Amino acid sequence: MDSKSALDLAQHGVQVALMVALPGLAVTLFIGLAVSIFQAITQVHEMTLTFVPKVRGIAVVMAFFGHWMLQQLVAYMLLCFDHVSRVAQ
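Residues numbered from 1 in each chain as written. Predicted model: local features only at pLDDT ≥ 70, side-chain atom pairs only at ≥ 80, totals over all residues. Heavy atoms only, no water.

Participant: Help me understand the overall build of the protein chain in this model?
Facilitator: The secondary structure content of the protein chain amounts to two helices and zero strands. In terms of overall dimensions, the protein chain is more spread out than a globule: its C-alpha atoms have a radius of gyration of 19 Å, far above the 12 Å expected for 89 residues. For the protein chain, the residues scored as buried account for 19% of the 89 residues in total. When the accessible surface of the protein chain is totalled, it reaches about 6700 Å², and 74% of it is carbon and sulfur. Computed over 4 positive and 4 negative side-chain charges, the inter-centroid distance for the protein chain is 8 Å. (Helix = DSSP H or I, 4+ residues; strand = E, 2+ residues; numbered from the N terminus. Rg over C-alpha atoms; globule rule 2.2 N^0.38 Å. Buried < 20%, exposed > 50% of the residue type's maximum accessible area, 1.4 Å probe, protein only. Areas by Shrake-Rupley, 256 points an atom, 1.4 Å probe, with all protein chains shown as cover. Lys, Arg positive; Asp, Glu negative; His and termini not counted. Charge placed at Lys NZ, Arg CZ, Asp CG, Glu CD.)

Spelled out as structure tokens, the structure:
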């Protein structure tokens, strides 16, 4: 395995990690922003008010995108195993 192949594999790994993490991070960001605005308006500062909606949001994201996320990760791991098998030959 040459350096170009290793760099391409690492770049693809970063892209897969970003694609898999983005839906959960986006939902958490928007829920956190909405809860923060709600807390600022009502001046209710309860810790569970920020935690519970985020957990539920992540659960919804995992329910809708979990299969796709797993497919992306498995495809990347198969690509990594393919590269390893070619190096071993």
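After presenting the structure, the write-up continues.
Participant: Looking at this structure, I do not really get helix 1 (residues 3–42). What am I missing?
Facilitator: Taking 1.5 Å per residue as the helical rise, helix 1 with its 40 residues ought to reach 58 Å, and the 56 Å between its terminal C-alpha atoms agrees with that figure. In helix 1, a bend of some 40 degrees at leucine 22 exceeds every other bend along the element, and proline 23, a proline, comes one to four places later. Of all the residues in helix 1, the buried ones are Ser5, Leu9, Gly13, Val16, Val20, Pro23, Gly24, Gly32, Val35 and Gln39. Phi for glutamine 43, located one or two positions after helix 1, is positive at around 55 degrees. (Expected span 1.5 Å × (residues − 1). Bend = angle between axes of the 7 residues up to and from the residue.)

Participant: Got a minute to help me understand the pattern of salt bridges in this structure?
Facilitator: Here the idea is simple: oppositely charged side chains can pair when their charged atoms come close. The tally for this structure, following the rule as stated, stands at two salt bridges. A salt bridge links lysine 4 to aspartate 8; its shortest N-O distance comes to 2.8 Å. Pair noted here: lysine 4 and aspartate 8 are both in helix 1, with a separation of four residues, about one helical turn. For aspartate 8, a relative accessible area of 35% gives the class partly exposed. (Salt bridge = Lys/Arg side-chain N within 4 Å of Asp/Glu carboxyl O.)

Participant: Honestly, the environment of leucine 18 in this entry has me stumped. Any pointers?
Facilitator: As for its placement among the helices and strands, leucine 18 is situated in helix 1. Owing to a relative accessible area of 56%, leucine 18 belongs among the exposed residues under this scheme. Considered as a pair, leucine 18 and phenylalanine 81 are 63 residues apart in the sequence and their alpha carbons are 21 Å apart.

All quantities given are derived from atomic positions and should not be read as evidence of function.
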